[in-house]
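Summary of the model geometry
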Amino acid sequence: GRGTVDSVTQVSIGGLDGWKLTSPLLIASVGQGLSFNQGAYWQLAGKQVGSGQLPPKVNQTTNYVVIWSLDNGTTDYDQVTLSATLPPNVLYVDAGDVGDGSLKYDPDARRVTWSLPDFSSILLPSQASFEIQLKPTSADAGQVINLVNPVSIQANGKDSFNSSSSVLR
């Protein structure tokens, strides 16, 4: 089966009034009964987790924590891999808490990958986080830009699927 994940990890670059960071972003079912959620946070549960300018400003840096989670669904898959590339003006800072599996960044491909090789033995929900830094250029002023490109999810087992998200604007 195929599924889609829509994420709206976007920020408006200031100084616009009414700037917004939409989070949590979206919960979508993918493939055969897996629910994926993505959020980018500067503040989480009243606690500051990011740093820098809010709203983001041209030529200044703002750091966000991105959280990927598989919230519920079947664990009938042997392995699940989630990955996404980062847009040009977003820098990868570091991996945060990774509940299961491993999270790696490939600087050449600019790709973040969360691998869950023993998926059938984990207890959902499971989440992984990583920190990114946004440094808008003057070309971004007044624009809505993505923090993370579409996420692709691959699940392998007796049933398998590949699914790729689309970005909402």
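Structure first, text after, so check above.
Now for a quick tour of the structure. Keep in mind that this is a model prediction, so the values were computed, not measured. Within each chain, residue numbers correspond to sequence positions counted from 1 in written order. At least 70 in pLDDT is required for a residue's local features to be given in this predicted model, at least 80 for side-chain atom pairs to be given and counted, and no such filter applies to totals for whole chains, interfaces and linings, which use all residues. The basis for the side-chain values is all heavy atoms of the structure; hydrogens and waters are excluded.

Here the focus is the overall build of the protein chain. What the protein chain contains, in helices and strands, is 0 helices and 17 strands. Exposed residues in this analysis have more than 50% of their type's maximum accessible area, buried residues have under 20%, and partly exposed residues fall in between, with area computed by a 1.4 Å probe over protein chains only. Counting the 169 residues in the protein chain, one finds 41% classified as buried. We call two residues in contact when some of their heavy atoms are within 4.5 Å. The long-range fraction of contacts in the protein chain, counting pairs at least 24 apart against all pairs at least 6 apart in sequence, stands at 71%. Only the protein chains shown count as cover for residues, and the accessible areas themselves come from Shrake-Rupley with a 1.4 Å probe. When the accessible surface of the protein chain is summed, it comes to about 8,100 Å², and 46% of that surface belongs to carbon and sulfur atoms. Counting from the N terminus, the helices are DSSP H or I runs at least four residues long and the strands are E runs at least two residues long.

Here, the term nonpolar core denotes a set of buried Ala, Val, Leu, Ile, Met, Phe, Trp, Tyr and Cys residues that are joined through side-chain atoms within 4.5 Å. With 31 residues, the main nonpolar core has Trp68, Val80 and Leu82 as its most contacted residues. Looking at this core, the elements with two or more residues in it are strand 4 (34-41), strand 8 (62-73), strand 9 (77-85), strand 10 (90-98), strand 12 (111-116), strand 13 (126-134) and strand 15 (152-157).

Moving on to the pairing of strand 12. Taken together, the 6 bridges between strand 9 and strand 12 define a ladder with antiparallel strand orientation. Paired with Thr81 across the strands is Ser115, a residue of strand 12. Here, any two strands with at least 2 DSSP bridges between them count as paired.

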